[in-house]
Amino acid sequence: MKKEVQESLIIRNLQSVHELEEVKRLEAMIWSMEDAVPVNQSVAAVKNGGFILGAFFQSELIGFQYSFPGFDGKKVYLVSHSLGIHPDYRKFGIGEKLKIAQKETALEMGYDLITWTYDPLETVNGNLNLHKLGAIATEYIPNVYGEMADNLNAGIPTDRFLVEWHLNEPTRSYSKEATIPYALYICEKDDFPFPERTDLTLNSPHIFVPVPGQFQEIKKTDFKLAKQWREKTSEVFTHYLSQGFAVSDLVRDNQHPGQYLYLLVKGEG
């Protein structure tokens, strides 16, 4: 099934009202009707510097990516607002294919920077955004969306990384040979790692911050522990990113299965 989908997948830029209505229906199914972007808004976006990509398998829309233009007073860039995949087609690599198509479309339109946000504790997103695509996280924004009631966010502050994807820059690589200090120390607690203490005194150009690879499972099993992970990582990321670090990669922790390490690098961004 996976190979069939990957070989037959068609990604194209959507323009018509009918196609954008399809996107709204898919978005409402993935999240909720309340969270779906109104068609009149998406039509306005695609007519004014934005675009919506659709991923089709056997003529069925199974994924989409929505972008609109942004401006910070100095530079025009592209804002990657949302990406959704039908639940039956997740883990097929469609998200990565949509992001690559987004990059190609953005370059054709004259953009050289794409920005978006994501939850640092969602390691699937971190792996795609930083490790595979080569983007960097330059800012940690606490509770950016306020309280949200959906299954992924309910009860936890909506802290996010601000990601920058510089389209014309080569993907960065860093030597892992030198010993890299840890800014967050963990211990085992039942089936999950526990964030024991932080170190905000490190003087190193490279720093590791460990995070669990099963945050949603922790939320369901031990909600208090999930909130502690949010609080401790918020403390570390807020401190070091304000000191001129950027988050450049997410790698597996070979010594602790199921755990990942964010690599913070001084002077990036």
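Counting of residues starts from 1 at the beginning of each chain's written sequence and follows it residue by residue. The predicted nature of this model means local features are confined to residues of pLDDT at least 70 and side-chain atom pairs, given and counted, to a pLDDT of 80 or more, with totals for whole chains, interfaces and linings taken over all residues. Side-chain measures were taken over the full set of non-hydrogen atoms in the model, leaving aside hydrogen atoms and water.

Trainee: Could you give an account of the packing of aromatic side chains, with specific residues and numbers?
Mentor: Note on aromatic contacts: the rings of Phe and Tyr and the six-membered ring of Trp form a pair at centre separations within 6.5 Å, being stacked when their planes are under 30 degrees apart, edge-to-face when over 60 apart, and tilted otherwise. Summed over all chains, the structure comprises 13 aromatic pairs. Measuring from centroid to centroid gives 5.7 Å for Tyr 118 and Phe 161, while their planes differ by 70 degrees, and the two rings are edge-to-face. Within this pair, whereas Tyr 118 is found in strand β5 (residues 113-118), its partner Phe 161 is found in strand β7 (residues 160-166), the two being separated by 43 residues in sequence. For the pair Tyr 118 and Phe 161, a shared accessibility class is recorded, and that class is buried. Pairing Phe 161 with Tyr 262 gives two aromatic rings, centres 5.5 Å apart and planes at 90 degrees, and the pair type is edge-to-face. Placement of Phe 161 in strand β7 and of Tyr 262 in strand β12 (residues 259-266) is noted, with a sequence separation of 101 residues between them. We call a residue buried when its accessible area falls under 20% of the maximum for its residue type, exposed when it is over 50%, and partly exposed in between, using a 1.4 Å probe and counting protein chains only. Looking at Tyr 262, the relative accessible area reads 0%, which means it is buried. Here the aromatic cluster, defined as three or more aromatic residues joined through ring pairs, consists of Tyr 118, Tyr 140, Phe 161, Phe 237 and Tyr 262. Consider the ring centre and the ring normal. A charge sits over the ring if Lys NZ or Arg CZ is within 6 Å of that centre and within 35 degrees of that normal. Taking NZ or CZ as reference, Lys 99 lies 3.5 Å from the ring centre of Trp 116, over its face. Between the NZ or CZ atom of Arg 197 and the centre of the ring of Tyr 185, over which it lies, the distance is 4.2 Å. Each helix corresponds to a stretch of at least 4 residues labelled H or I by DSSP, and each strand to a stretch of at least 2 residues labelled E; elements are numbered beginning at the N terminus.

Trainee: So, the packing of helix α2 (residues 17-30) against helix α3 (residues 39-46): which residues are in play, and what are the values?
Mentor: What describes two packed helices is the angle between their axes and the distance between those same axes. Here an axis means a line fitted to C-alpha atoms, over the contact stretch when the element is a helix, while the angle between two N-to-C directions is reported on a 0 to 180 degree scale. Close contact between α2 and α3 brings their axes to 10 Å; oriented N to C, the two are set at 125 degrees. Considering their axes alone, α2 and α3 lie oblique with respect to each other. The handedness of the crossing between α2 and α3 comes out as right-handed. On α3, the residues touching Val 17, Leu 20, Glu 21 and Lys 24 of α2 are Val 39, Ser 42, Val 43 and Val 46. When residue character is reported, Ala, Val, Leu, Ile, Met, Phe, Trp, Tyr, Cys and Pro are called nonpolar, Asp, Glu, Lys and Arg charged, and the others, Gly included, polar. Residues belonging to the contact of α2 with α3 are distributed by class as follows: five nonpolar, one polar and two charged. What sets the label is the angle itself: under 35 degrees gives roughly parallel, over 145 gives roughly antiparallel, 65 to 115 gives roughly perpendicular, and the rest give oblique. For any helix crossing, the convention is left-handed if the near helix is rotated counterclockwise from the far helix by under a right angle, and right-handed if that rotation is clockwise. Every residue pair with non-hydrogen atoms within 4.5 Å of one another is taken to be in contact.

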